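Secondary and tertiary structure notes
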Amino acid sequence: MKPHQRNRFDLQGRTAVVTGAGRGLGQAIAVGLAEAGANLILVTNRSSAEETKAKAEALGAKARIVQTDVADRSKLTDIIDASVETFGGLDILVNNAGIIRRAPAVEHAYSDWQEVLDVNLNSVFVLCQLAGELMIEQGRGKIINIASMLSYQGGINVPGYTASKHAVAGLTKALANEWASKGVQVNAIAPGYMSTDNTEALRNDPVRSRQILERIPAGRWGSDEDLIGPAIFLASSASDYMNGHVLCVDGGWMNR
Ligand code: NAP
């Protein structure tokens, strides 16, 4: 048995890259990791991440904003380089940035399909590759990919999103198989139905909104706060023997 650790969830001295950190779930995850002690690279595209940065700094963390479109593969190295330059390395990668495009499959524009796959899947693969190389070299690292209930289910009118999130779950398992023996844990969080911009259209649809709520055993939509504990857990040494797991944080949706 290893010597007793006072706090297995402590992230002091760790550096985390969080994509999509300017708003929504990514903002909450970033601030949560700062609360546990991590310094941050906050990746944002169109939003300002100043609010996230201020919240993290108020908790004593150091944070740097990197403005990048993760769909642009040529820019992804800059994210990892920023972490190394600013904090001397990278311990935690959270692939959170994601988009959704709604249209029935026969009307689904190919450009929407492509954009969703570029942001939700292709960027995840390349960032995992870049971070994984560093982490394998240092013999330690944590990768958390943000999956979805649509990593398991088909959804309605979101074929590109569903394909991307099934693939994120598969990629998480594939990388975990390769990297578990090298000290790098790759896992995913599958959020349930959370109140963010991503689900605004669903919440504004009275029928879908009622149907969804009726299926959630917890009796409420999730909030960004609900992801903080699970993210700290998967980023910390508390989860060192977890590999390729997709952790549902869904108020019980999947069990219904
Ligand atoms: P959101 O409020 O719509 O925020 C999306 C985030 O992704 C924003 O921070 C956005 O940054 C970033 N992003 C989008 N395109 C980007 C690009 N090309 N480059 C860099 N960043 C980009 O969504 P959310 O609900 O917080 O979702 C976060 C993640 O959780 C996504 O992967 C989503 O699929 C997943 N998820 C959400 C739910 C839910 O119920 N909300 C459920 C399951 C899974 P900018 O603001 O800078 O554009």
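Anyway, here's the lowdown on the structure attached to this text. In every chain, residue numbers begin from 1 and rise along the written sequence. Only residues with pLDDT of at least 70 are given local features in this predicted model, and only at 80 or more are side-chain atom pairs given and counted; all residues enter the totals for whole chains, interfaces and linings. Based on all heavy atoms of the structure, the side-chain values leave hydrogens and waters out of the count.

**Brief notes about the pattern of salt bridges**
Every case where a carboxyl oxygen of Asp or Glu lies within 4 Å of a side-chain nitrogen of Lys or Arg is listed as a salt bridge. If you walk through the whole model with that rule in mind, you get ten salt bridges. Put simply, E115 and R101 hold a salt bridge, and the shortest N to O gap is 3.3 Å. Of the two residues, E115 is situated in helix α4 (residues 110-138) and R101 in the loop between β4 (92-95) and α4; the sequence distance between them amounts to 14 residues. With relative accessibility at 24%, the residue R101 sits in the partly exposed group. Of the charged contacts, one joins K142 and D240 as a salt bridge, the two residues approaching to 2.8 Å between their closest N and O atoms. Here D240 lies in the loop between α8 (228-235) and β7 (246-249) and K142 lies in strand β5 (residues 141-146), a separation of 98 residues in the sequence. In this structure, a network of salt bridges that share partners links the residues R101, D112 and E115. Helix and strand assignments follow DSSP, with helices taken as H or I runs no shorter than four residues and strands as E runs no shorter than two, numbered in order from the N terminus. Buried, partly exposed and exposed residues are distinguished by accessible area as a fraction of the type maximum, computed with a 1.4 Å probe on protein chains only: under 20%, between the cut-offs, and over 50%, respectively.

**Thoughts on the site of the ligand**
The environment of the ligand is made up of 29 residues, and the closest members are R23, R46, S47, Y161 and T196. In the environment of the ligand, an oxygen atom lies 3.0 Å from a nitrogen or oxygen atom belonging to the backbone of G20. In the analysis that follows, any N or O atom pair within 3.5 Å is treated as a polar contact, provided that within protein one partner can donate a hydrogen and the other can accept it, and provided that, for residues neighboring in sequence, both atoms belong to side chains. A distance of 2.6 Å separates an oxygen atom of the ligand from a polar atom in the backbone of R46. Going through the elements one at a time, α1 (24-35) and α5 (159-179) are the ones with two or more residues in the shell around the ligand. Three categories are distinguished: nonpolar for Ala, Val, Leu, Ile, Met, Phe, Trp, Tyr, Cys and Pro, charged for Asp, Glu, Lys and Arg, and polar for the others, with Gly belonging to the last. When grouped by side-chain class, the residues that make up the shell around the ligand number eleven nonpolar, 13 polar and five charged. Whether a residue is near a molecule or strand depends on its heavy atoms: if one lies within 4 Å, it is near.

**Observations concerning unusual backbone geometry**
One non-glycine residue with positive phi stands out, namely N157, at about 65°. Examined against the element boundaries, N157 turns out to sit in the loop between β5 and α5.

**Overview of the sheet that holds β5**
Strand pairing is assigned whenever DSSP identifies at least 2 bridges connecting the two strands. With parallel pairing, seven strands are arranged side by side in an open sheet as β3-β2-β1-β4-β5-β6-β7. Looking at which strands have only one partner, the edges of the open sheet turn out to be β3 (63-67) and β7. When the angles between neighbouring strand axes are averaged without regard to direction, this sheet yields 20°. As defined by bridge partners, strand β6 (residues 184-191) adjoins β7 across four bridges and the pair is classed as parallel. To define axes, lines are fitted to C-alpha atoms, for helices over the stretch in contact only, and angles between the resulting N-to-C directions are given on a 0 to 180 degree scale.

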